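Geometric and topological summary
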Amino acid sequence: MTSRPELRTFAFRPMDEADLPVVHRLSQSVGWPHRIEDWALALRLGAGVIALEPALEPAGIAGTVMWWRYGDTQARVGMVIVHPSLQRAGLGRQLMTACLNQLEVPTCILNATAAGESLYRTLGFVPIETIEQYQGIATQHEVAPASLRIRKATALDMHAIVAMDRQAIGAPRGHVLEALAAAGEVVVAEGAAGLQGVAVCRRFGRGHLIGPLTAANSTIASELAAYWLARRTGEFVRIDTPPALGLPRRLAAFGLGKVDSVVSMVKGQCSDGGPMRCYALASQALG
């Protein structure tokens, strides 16, 4: 029988670029697929702290947590990692407390694994929806003509893209969208009434990730997902989506299977958003 680690108090300091190789190795030790480039992008867009334990490898880092502010109303929390040897030693709670002490916004959102959900509940978070992770080698699949024109986005589209995304998530994050566009490729769905959807595809983890994907309805969302999947045939693709919005059937047609799920949780006010919906996340951390 494995003994429970003793509850301890840890020291913390801000995360910086010099920590990236070490936190990357820590994430690999718990089975995360993130590349060091994925960590670097997350840090450029937000902030974080690390917990210290000099006796540990790698390099005395016992855990991490990061956050991203979206305007004055919303923050996202993610990249919460506890060193495998310190599970159940109280470090997860201390990491989250250190994070929440930095955030003074009405709404704080995170995506919880089964292992972390009970902790987040005690900190005041409540479930709002399930997010399922689909991934695999994209297979060839016949794609019917789209109901709207799908084209590559231009700089002139960015204002409308930011507005659609804000309707979908209930907060502004133009800086995030600009960074993701620079790191990958963006397409929009355009009709007589203007832009009705947007989807980003970029390198992430083991291959490519589709998201954020925002659309006015499930038909447009499905067509945007199919656009990228058809262009990534034979490549590893991942997408994180709320199954209630209807994308899984289209993903299965391209060979992507469900491999995991998390629970999206909120602390504070929960916005209903606008007519646009988020059909795929930028990542489980960024939302």
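Preceding this paragraph is the structure being described.
Reading guide: rules and limits
Residues numbered from 1 in each chain as written. Predicted model: local features only at pLDDT ≥ 70, side-chain atom pairs only at ≥ 80, totals over all residues. Heavy atoms only, no water. Helix = DSSP H or I, 4+ residues; strand = E, 2+ residues; numbered from the N terminus. Rg over C-alpha atoms; globule rule 2.2 N^0.38 Å. Buried < 20%, exposed > 50% of the residue type's maximum accessible area, 1.4 Å probe, protein only. Areas by Shrake-Rupley, 256 points an atom, 1.4 Å probe, with all protein chains shown as cover. Axes fitted to C-alpha atoms, helices over the stretch in contact; angles between N-to-C directions. Parallel < 35°, antiparallel > 145°, perpendicular 65-115°, else oblique. Left-handed = near helix turned anticlockwise from the far one by under 90°. Contact = heavy atoms within 4.5 Å. Nonpolar A, V, L, I, M, F, W, Y, C, P; charged D, E, K, R; others polar. Pairing = 2+ DSSP bridges.

A few words now on the overall build of the protein. Within the protein, the regular secondary structure consists of eight helices and 13 strands. Here the C-alpha radius of gyration of the protein, 19 Å, is about what a compact globule of 287 residues would show, namely 19 Å. Taking the principal axes of the C-alpha coordinates as reference, the protein spans close to 60 × 40 × 35 Å. Here the protein holds 287 residues, and the buried ones make up 53% of them. By element, 51% of the accessible surface of the protein is carried by carbon and sulfur atoms, the whole surface being about 13000 Å².

Moving on, we get to the packing of helix H5 (residues 158-169) against helix H6 (residues 174-183). Running from N to C, H5 and H6 point in directions that differ by 120°, and their axes come no closer than 10 Å. As summarised for this structure, H5 and H6 are arranged oblique, according to the angle between their axes. You can see that H5 and H6 cross each other, and the crossing is right-handed. Between H5 and H6, the residues in contact are Met 158, Ile 161, Val 162 and Asp 165 and Gly 174, Leu 177, Glu 178 and Ala 181, respectively. Residue composition of the contact of H5 with H6, by class: five nonpolar, one polar and two charged.

With that settled, the discussion passes to helix H4 (residues 114-122). Along H4, the residues that are buried comprise Gly 116, Glu 117, Leu 119 and Tyr 120. Residues of H4 that are buried in the fold lie against strand E4 (74-82), helix H3 (91-100), strand E5 (107-112), strand E6 (126-137) and strand E12 (257-268). Where H4 ends, the next residue or the one after it, Gly 124, has phi of about 100°, a positive value.

Turning our eyes to something else, we now look at the environment of Gln 196. As for its position among the elements, Gln 196 is in strand E9 (residues 194-204). When the C-alpha positions of Gln 196 and Met 164 are compared, they lie 8.1 Å apart, and in sequence the two are 32 residues distant. Every residue in contact with Gln 196, bar those within four places of it in the chain, is listed here: Leu 148, Met 164, Ala 189, Thr 214, Ala 215, Ala 216, Ile 220 and Met 276.

Relative to strand E2 (residues 47-52), strand E1 (residues 11-14) runs antiparallel, the two being bridged by four bridges. Across the sheet, residue Ala 11 finds its bridge partner in E2, namely Leu 52. Pairing analysis gives six bridges linking E2 to strand E3 (residues 61-70), with the strands arranged antiparallel. Within E3, the position partnered with Leu 52 by the bridge is Ile 61.

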